[in-house]
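Tertiary structure, described
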Amino acid sequence: MRFNPKARLDTSRVRDVGGSSGSGGGGMIPIPGGRMGGGIGGVVLVIALLVLSQCAGIDLTGVLGGSSTTSSSSSLDGSMFSGTSVDGSSSGGTHDFSSCRTGDDANNSEDCALVAVENSLYDYWSGVLGDRFQPETGVHVFEGQVQTDGCGSATEDVGPFYCPTDQTIYLDTDFYQDMLEGQLGGQDAPFVRAYVIAHEYGHHIQNLLGIMNQVRTQQGADSDSVKLELQADCFAGMWAGSATTASADGEEPLISDLTDQDISDAIGAATTVGDDYIQERTQGGVDEESWTHGSSQQRVTWFKTGMAANNDVDACDTGVGS
Ligand SMILES: [Zn+2]
């Protein structure tokens with residue numbers, strides 16, 4: 001992935017919100033089974049749960065514990081993280097996005113590449129949705145633990161997630177190395193990072209289009225949850241398929257080059273976060289009843305469908321709510 005070196009970057013929506021170390025103990029999200037058990041499932045599960053709980057209310061602990069318990073209580077107040085208290089003040093971040101000015105900076109810095117990917121997603125979706133588009137409130141990078149405006153607090157065990165209430169994407173940058181590369185055996189490549197952000201941005205688009213409100217069923221291979229996640233993959237693919245295309249007014253795209261390797265890196269990442277792959281790796285067996293994101297094959301297929309969609313949102317209709 002190469003960025004147009006002369007392109008100007010807009011850093012206004014991307015910021016490091018720091019986070020607390022969480023070393024104070026108490027109040028962390030309970031994840032039964034510990035990091036290697038529920039934690040890994042959790043990491044991917046929660047990406048969806050945070051989204052879904054806003055619509056339907058899910059008992060996070062129950063789901064992570066492997067039970068199918070759902071709570072009828074609304075989680076709009078962020079109560080899914082009830083009991084969580086962020087102790088200690090924000091430590092201030094280690095990422096400085098303000099110095100990212102051009103595509104050249106993005107070619108030379110992972111932090112600036114994050115800004116550039118956000119800018120590219122912003123440009124792309126404002127073009128596709130027109131009047132229906134509203135930018136996400138921001139991409140907030142954190143370490144350790146973060147307090148959101150609308151979804152309670154979360155730790156880095158959660159992985160990247162989108163909070164519909166505050167329309168913000170939360171990104172723990174250690175996720176790529178710790179989870180994708182380490183525990184899930186994937187790899188950390190530039191376009192893997194882009195894919196993850198594009199997937200979360202897909203959830204924002206679903207929020208804008210009202211699709212998120214149509215989710216009724218939370219778990220299982222045929223659930224709305226899975227359909228919602230596959231559509232987010234499809235939306236990520238739409239962006240990937242057109243990210244290097246000049247806009248209608250002839251303006252040069254921010255991303256000047258995507259290689260076949262980039263695309264196969266993203267497909268590899270999509271494989272790594274498939275429910276069957278994760279279950280096989282962490283539980284030694286596949287249980288379709290508890291799927292929330294879809295199989296590796298489904299995730300890859302929908303990403304590719306998005307790439308071929310030629311900017312047609314309808315091509316990514318995975319049947320949420322139907
Ligand atoms: Zn998702």
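Calculation rules
- Residues numbered from 1 in each chain as written.
- Predicted model: local features only at pLDDT ≥ 70, side-chain atom pairs only at ≥ 80, totals over all residues.
- Heavy atoms only, no water.
- Disulfide = S-S within 2.5 Å.
- Helix = DSSP H or I, 4+ residues; strand = E, 2+ residues; numbered from the N terminus.
- Buried < 20%, exposed > 50% of the residue type's maximum accessible area, 1.4 Å probe, protein only.
- Salt bridge = Lys/Arg side-chain N within 4 Å of Asp/Glu carboxyl O.
- Pairing = 2+ DSSP bridges.
- Axes fitted to C-alpha atoms, helices over the stretch in contact; angles between N-to-C directions.
- pLDDT = per-residue confidence, 0-100.
- Contact = heavy atoms within 4.5 Å.
- Donors = N, O, S within 2.8 Å, 3.2 Å for Na, K, Ca; no water.
- Expected span 1.5 Å × (residues − 1).
- Polar contact = N/O pair within 3.5 Å; in protein donor to acceptor, adjacent residues only side chain to side chain.
- Phe/Tyr/Trp six-rings, centres within 6.5 Å; stacked < 30°, edge-to-face > 60°.
- Lys NZ or Arg CZ within 6 Å of the ring centre and 35° of its normal.

Our next topic: the state of the cysteines. A full pass over the atoms with the stated rule returns three disulfides. Here C151 engages in a disulfide with C163; their sulfurs sit 2.1 Å apart. On the S-S bond that ties C151 to C163, the torsion sits near 90°, and the link is right-handed. You can see C151 sitting in the loop between β4 (145–147) and β5 (153–155) and its partner C163 sitting in strand β6 (residues 161–163), a full 12 residues away along the chain. For the pair shown, C151 and C163 are each scored as buried. Disulfide partners in the protein, listed by the sequence order of the bonded cysteines, are 1-2, 3-4, 5-6.

Scanning all chains against the criterion turns up six salt bridges. Here R13 ties to D10 by a salt bridge, and the two come within 3.3 Å at their closest N and O atoms. The class for R13 is buried, based on a relative accessible area of 11%. D10 gets classed as partly exposed once you look at its relative accessible area, which sits at 32%. We note a salt bridge from E110 to R193, for which the minimum N-O separation is 3.4 Å.

To continue, consider the sheet that holds strand β2 (residues 14–18). Here we have four strands laid out as an open sheet, ordered β2-β3-β7-β6, and mixed in their pairing. Two strands in the sheet have a free side with no partner beyond their single neighbour: β2 and β6. Between one strand and the next, the sheet's axes are offset by a mean angle of 30°, whatever the strand orientation.

Before going further, it helps to examine the confidence of the model for the protein. Per-residue pLDDT for the protein has a mean of 79; in total, 77% of the residues score no lower than 70. Scored below 50 in pLDDT, residues 22–91 shows 146 contacts in the model against residues more than four places distant or in partner chains.

Coordination of the zinc ion by the protein involves H199 (NE2), H203 (NE2) and E229 (OE), with metal-donor separations of 1.9 to 2.1 Å. Site description for the zinc ion: donor spacing in sequence, H-x3-H-x25-E. A residue pair is termed long-range when its members are at least 10 positions apart, and H203 in helix α6 (residues 190–208) and E229 in helix α7 (residues 224–242) qualify at 26 residues. E229 matches H203 in its accessibility class, with the two residues each being buried.

Between its first and last C-alpha, helix α4 (residues 110–129) extends 28 Å over 20 residues, near the 28 Å set by a 1.5 Å rise per residue. By the criterion of burial, α4 is predominantly enclosed, with 14 of the 20 residues buried. Where α4 begins, one side-chain oxygen reaches toward the backbone nitrogen of D111, 3.2 Å away; that side chain belongs to S109. Positive phi shows up at G130, right after α4, with a value of about 60°.

Looking now at the packing of aromatic side chains. Applying the stated criterion to the full structure yields six aromatic pairs. Aromatic side chains F161 and Y170 sit 5.0 Å apart centroid to centroid with 20° between the ring planes, which places their arrangement in the stacked category. Judged on exposure class, the residue F161 and its partner Y170 are both buried. Each ring, one from F191 and one from W239, has its centre 5.8 Å from the other, and the planes form 10°; the classification is stacked. One end of the pair, F191, is in helix α6; the other, W239, is in helix α7, with 48 residues separating them in the sequence. Here F191 and W239 have matching classes, each one buried. Pairwise contacts between aromatic rings join Y124, W125 and F235 into one cluster. Across the ring face of Y122, the terminal group of R13 is positioned such that the distance to the ring centre comes to 3.9 Å.

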